[in-house]
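# Examination of the molecular architecture
Here is what each chain is made of, one letter per residue.
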Amino acid sequence: MEPSELKRSKDSPNLDESTRRLSFPDEVLERVLSLLKSHRDRSSVSLVCKDWYNAERWSRTHVFIGNCYSVSPEIVARRFPKIRSVTLKGKPRFSDFNLVPENWGADIHAWLVVFAAKYPFLEELRLKRMAISDESLEFLAVSFPNFKALSLLSCDGFSTNGLAAIATHCKNLTELDIQENGIDDKGGSWLSCFPESFTSLEVLNFANLSSDINFDALERLVGRCKSMRVLKLNRSVSLEQLQRLLVNAPQLAELGTGSFSEELTFRQCVELESALSNCKNMHTLSGLWDAKGIYLPALYPVCTHLTFLNLSYAALRSDELAKLLAHCPRLKRLWVLDTVEDKGLEAVGMNCPLLEELRVFPADLFDEEIIHGVTEAGFVAVSFGCPRLHYVLYFCCQMTNAAVATIVQNCPDFTHFRLCIMNPGQPDHITNEPMDEAFGAVVKTCTKLQRLSVSGRLTDLTFEYIGRYAKNLETLSVAFAGSSDWGMQCVMGGCSKLRKLEIRDCPFGNAALLSGLEKYESMRSLWMSACNVTMNGCRLLAREMPRLNVEVMKEDGSDDSQADKVYVYRSIAGPRRDAPPSVLTL
Amino acid sequence: MERRVNYENDLNLMATEPRLGLPGCGDDEPQRKTNPSIRNNKRTVPEISEVSSSESNSSITMSGSDDQDSPPPAKEQVVGWPPIRSNRKNCLQSSKRNEVEGMGMYVKVSVDGAPYLRKIDLKVYGGYPQLLKALENMFKLIIGAYSKREGYNGSDYAPTYEDKDGDWMLVGDVPWEMFISSCKRLRIMKGSEARGLGCV
């Protein structure tokens, strides 16, 4: 129901009807609202009127905070008294690529202290790019007796000791999901800390860790957790051990194997294949570290039902991939390394008509002499075979405007188009022109586009196109692109739904920064690094927009007037007090 | 008192115009030094044709000749590019390391029937006799002596290895140096399979 509808009815002459509509009991309203899951819907609901605001806040059990500094834990606790599940995101995304200084912030501890007081029945905590210490993990483990699910993605600051605390104390744990974090891996003994009486685990993902774990402890754990549906092992688990685990867990829906490369006897291969074929519910497969082509046939029985196959840690050749994909007709999501080359991607196009998402990661970032990887040809081949493709992340060594035009013609439903031509500022390799027309084609054709990452040589024309056509764009990533302030001005002026903008190494200066003055409060954040923005420009922005936090990170040895890295975000919590010395809040 | 901020001056367009040369070698010393996101002092930002905030055009002066002036930026010199999470980079690096190690240094050794594998460093041994002795000690078995014609005939065990091409070869056929540079893993075969080898 549109908020405006209700407002209109209030103003209508038929007062009886409108009063009746507004006077149904709070309990009913709360019950109805409790069915609403999307936090955006809930935000809309809360804006309707005071009654709905209150009903919504009392019925909300999950809160999503996209920027931990946009609000304080006290404010959250005051507004939402009944939270059981929290999702928190911290550092700017470019921290994943080492562009954010150490000790920048986003420490979870202050939040945990408030949660312990206000949400003693907290069940779930999902963190992304937060700093979390072992002490915090221990505090978490002992403060929340109902705690069920912990998910850490791209976080840092903790070690396996923290995980040991979670395993030891969280008696009701159902989910432990440790993904792509900067963990200090002190050994695998944490896994042995799950008590023998503990049986509730449904999700266990420790693929991120490298040390050997006590396999016997793991085998017993998996054996007694009969509801386990997600198990993602680390590299230290061998194929033989995998087989033993699978025999006791045929109910698994998602499996991340360990190392897939040691030598197996024929009998062991048969046993592995048999164990896998008993996993009738398996729809997601990952891991496959160092996978050797000869063992992939063991996977065939599982492949027929697979919808998500993550081969991004298995350096397969094109023929190996082709053979495997022949058995994966239902694949919707596929992640591969560029070792499969264009030929491998042709096989994707030929075998996976239902494909919706493709991610191609670069295997070799450091070897200059060996030219391999994927080109525009592979992407085009996929687009011909997979018309449902709507999410792509593609790292390639070359691209052409014509190829991208063909791709989006074949797949007009892109919602996420992330193209990374790995050599910064590289033009169309056939015509030597900028890649403006490529991204022009993307934004003109793909009207549902929500997320875009651009690369290659780009002039302001690309950004004119984006501003003019990308009306649903929410996230834009730009690097080594653009000609002048005009480019960024086009984006700020045209992309009405823009929420996240991250820019590095572009010639956008103060005029560009300030063109977004009116816009930043409707966005989550802006990041600009190695651009032409100065301290004065940032100070002006901070002065004009008091509800924005304007933070500047200075590089060692840079000019005093340059604002090397700028991070701007809206906040109702005011400037943060935990910024390290290298971060200036203006 | 409030000085009107003049963006033109702040921008100092000429000074900030990227060039392909090293910083300091142009006539107008750029106020902005090297691009801070680049680790070393080489300007690896690719040429950006124009920097102008006053003109709202997007005219492109493609200076193709500039391409030849400096070598293409080495990938690892730009911080945080390409945008891959460090976790993934580290995993791939260690895969490579394993690969390199397989080529004649640490190799896995399996013995038919044994519950787990071992790892040995081939570089430690001077030649085949030392290697075979070490294997015999490690697994408590007798491999015996190698003969060109009959392999390890007379023994229940035959040491084999997987070479660069993925083929399984009998240990001892090729010169030692060639062996350690091409051996990826060892397997000590047992029983009738083993006895068959060397008699072909």
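Owing to the predicted nature of the structure, the values given are computational and were not obtained by experimental measurement. (Residues numbered from 1 in each chain as written. Chains lettered and ligands numbered in written order. Predicted model: local features only at pLDDT ≥ 70, side-chain atom pairs only at ≥ 80, totals over all residues. Heavy atoms only, no water.)

## A few points about the overall build of chain B
Across its full length, chain B carries seven helices and five strands. The 200 residues of chain B split such that 40% are buried. Considering only residue pairs separated by 6 or more positions, chain B has 49% of its internal contacts joining residues 24 or more positions apart. Just so you have it, chain B exposes about 11600 Å², and 51% of that area is on carbon and sulfur atoms. (Helix = DSSP H or I, 4+ residues; strand = E, 2+ residues; numbered from the N terminus. Buried < 20%, exposed > 50% of the residue type's maximum accessible area, 1.4 Å probe, protein only. Contact = heavy atoms within 4.5 Å. Areas by Shrake-Rupley, 256 points an atom, 1.4 Å probe, with all protein chains shown as cover.)

## A look at the sheet that holds strand β4 (residues 168-170) of chain B
Residue and element names in this part refer to chain B. Taken together, five strands build an open sheet; the order of strands is β2-β1-β5-β3-β4 and the sheet is mixed. Of all the strands in the sheet, the pair left with one neighbour each is β2 (118-121) and β4. Along the sheet, successive strands turn relative to each other by an average axial angle of 35°, direction set aside. Pairing of strand β3 (residues 157-162) with strand β5 (residues 185-190), which is carried by six bridges, proceeds in the antiparallel orientation. In the strand pairing of β5, Tyr157 is matched with Lys190. Along the sheet face, helix α5 (residues 128-139) touches β1 (106-111), β2, β3 and β5 and points at about 155° away from the line of β2. (Pairing = 2+ DSSP bridges. Axes fitted to C-alpha atoms, helices over the stretch in contact; angles between N-to-C directions.)

## Quick word on empty space enclosed by the protein
Within the structure shown, the criterion is met by nine cavities of 30 Å³ or more. A volume near 210 Å³ is recorded for the largest cavity. Together, 20 residues line the largest cavity, and Arg93(A), Ser453(A), Ser477(A), Trp81(B) and Pro83(B) are the ones closest to its centre. If you list the elements that add at least two residues to the lining of the largest cavity, you get β15 (391-396), β16 (416-421), β18 (475-479) and β19 (500-504) of chain A. Partitioning the lining of the largest cavity into residue classes produces twelve nonpolar, four polar and four charged. (1 Å grid on protein atoms, 1.4 Å probe; cavity = no way out; pocket = protein on both sides within 12 Å on 5 of 7 lines; lining within 4 Å. Points joined across faces, edges and corners; volume = space filled by probe spheres on them. Nonpolar A, V, L, I, M, F, W, Y, C, P; charged D, E, K, R; others polar.)

## Section: the packing of helix α16 (residues 376-385) of chain A against helix α17 (residues 401-410) of chain A
Residues and elements named next belong to chain A. Here α16 crosses α17 at 15°, and the two axes come no closer than 8 Å. Taken together, the axes of α16 and α17 lie roughly parallel to each other. Considering the relative orientation of α16 and α17, their crossing is left-handed. Along the contact surface, α16 presents Glu376, Phe379, Val380, Ser383 and Phe384, while α17 presents Ala403, Thr406, Ile407 and Asn410. Of the residues contributing to the contact of α16 with α17, the split by class is five nonpolar, three polar and one charged. (Parallel < 35°, antiparallel > 145°, perpendicular 65-115°, else oblique. Left-handed = near helix turned anticlockwise from the far one by under 90°.)

## Description of the pairing of β2(B)
Residues and elements named next belong to chain B. Where β1 and β2 come together, four bridges link them in antiparallel fashion. Residue pairing across strands places Val109 opposite Arg118, the latter belonging to β2. Between β1 and β2, which follow one another and run antiparallel, lie six residues, and Gly113 among them has a positive phi close to 95°.

## Description of the confidence of the model for chain B
Residues and elements named next belong to chain B. In this model, chain B carries an average pLDDT of 65, and 51% of its residues clear a pLDDT of 70 or more. Across residues 1-13 the pLDDT falls below 50, and counting only partners more than four positions away or on other chains, this stretch makes 21 contacts in the model. A low-confidence stretch, residues 100-104 stays under pLDDT 50, and its non-local contacts, those more than four residues away or across chains, total 14 contacts. Two summary scores accompany this predicted model of the complex, namely pTM at 0.77 and ipTM at 0.86. (pLDDT = per-residue confidence, 0-100.)

## Focus on the pattern of salt bridges
Residues and elements named next belong to chain A. Under the definition given, this model contains 35 salt bridges over all chains. For Arg229, the salt bridge goes to Glu202, with nearest N and O atoms at 3.7 Å. In this pair, Arg229 is assigned in the loop between α10 (215-224) and β9 (230-232) and Glu202 in the loop between β7 (182-184) and β8 (203-205), connecting sequence segments 27 residues apart. With relative accessibility at 38%, the residue Arg229 sits in the partly exposed group. Among the salt bridges present, the one from Arg317 reaches Glu320, with a minimum N-O distance of 3.7 Å. Classification of Arg317 by relative accessible area gives partly exposed; the value is 47%. Overall, the relative accessible area of 13% leaves Glu320 in the buried class. Each of the salt bridges in this network shares a partner with another, and the network as a whole consists of Arg42, Glu56, Arg60 and Arg79. (Salt bridge = Lys/Arg side-chain N within 4 Å of Asp/Glu carboxyl O.)

## What about unusual backbone geometry?
Following Trp81(B), the chain continues to Pro82(B) via a peptide bond in cis, the omega torsion being -5°. Its place among the elements puts Pro82(B) in the loop between α3 (66-69) and α4 (86-102). Its identity as a non-glycine residue notwithstanding, Asn98(A) has a phi of 65°, on the positive side. With respect to the secondary-structure elements, Asn98(A) resides in the loop between β2 (85-89) and α7 (109-118). Backbone geometry places Arg129(A), a non-glycine residue, at a positive phi of 55°.

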